[in-house]
Amino acid sequence: MNPILRGLLLGVAWLACGLGIVGVFVPVLPTTPLLLLATFLFAKCSPRAHAWITGTKVYRAYVVPFKEAGGMPVGAKVRMLAISYAVLMVSALLVQKPLVWGILAAVALFLLWLAVFHIPTIEKAAVAPLSDELELEA
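What you see as residue numbers is a count from 1 along each chain, following the sequence as written. In keeping with the model being predicted, local features are shown solely for residues with a pLDDT of at least 70 and side-chain atom pairs are shown and tallied solely at 80 or more, while totals for entire chains, interfaces and linings include all residues. Think of the side-chain values as coming from all heavy atoms in the structure, minus any hydrogens and water.

(A) Spotlight on the nonpolar core. Among buried residues, those of type Ala, Val, Leu, Ile, Met, Phe, Trp, Tyr and Cys that are joined through side-chain atoms within 4.5 Å constitute a nonpolar core. Think of it in three bands: with a 1.4 Å probe and only protein chains considered, a residue is buried below 20% of the maximum accessible area for its type, exposed above 50%, and partly exposed in between. In terms of nonpolar packing, the biggest core is built from 15 residues, with Cys17, Ala38, Phe42 and Ile53 touching the most fellow members. Helix and strand definitions follow DSSP, with helices as H or I runs of at least four residues and strands as E runs of at least two, each counted in order from the N terminus. Contributing elements (two or more residues each) for this core: α1 (3–22), α2 (31–45), α3 (47–54) and α4 (57–69). The dominant element in this core, judged by the number of residues it contributes, is α2, at six residues. Residue contacts follow a heavy-atom distance rule, with two residues in contact if any of their heavy atoms lie within 4.5 Å. Not counting chain neighbours up to four residues away, the residues in contact with Ile53 comprise Cys17, Leu35, Ala38, Thr39, Phe42 and Tyr59.

Pasting the structure below:
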């Protein structure tokens, strides 16, 4: 592979990985898609980085169950929305501006749409065997 292209792909992969990890704590950033992008790019340009990212706890917790089971259980969706809405509420209380409130409300509605209509809902039992496998491998 061309060294310039490899360096560019590696840079974008690390950026996606970093944003994905930040997305664990910031409700607006989508963790799973960013980690999937980083994993794909690492697979193309760096086998060592690909092996590292697929072994991280964040990847195993967010990407593997989604990738293998194809969705999220209802409980995980509720937790995701509760944490996201709590962060959005704190932001709304700290920033007393109607424009910011409108943006936060739009983000809240988007997250609700995402959880209800876009991310498939699966049975918790579909994720449980994956969790057991991940714990055995660790």
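From this point on, the discussion continues.
(B) Representation of helix α5 (residues 74–94). Over its 21 residues, α5 runs 30 Å from end to end, which matches the ideal 30 Å to within 8%, given 1.5 Å per residue. Within α5 the residues assigned to the buried category are Ala76, Lys77, Leu81, Ser84, Leu88 and Ala92. Projection of α5 onto a plane perpendicular to its axis shows the buried side chains occupying an angular sector of 135°, all on one side. Set apart from the buried face of α5 by more than 90 degrees, the exposed residues are Val78, Arg79, Ile83, Met89, Leu93 and Leu94. Here the buried face of α5 lies against β1 (72–73), α6 (98–118) and β2 (121–122). In a helix, the anticipated span is given by 1.5 Å times the number of residues less one. Our arc is simply the arc of the directions from the helix axis toward the C-beta atoms.

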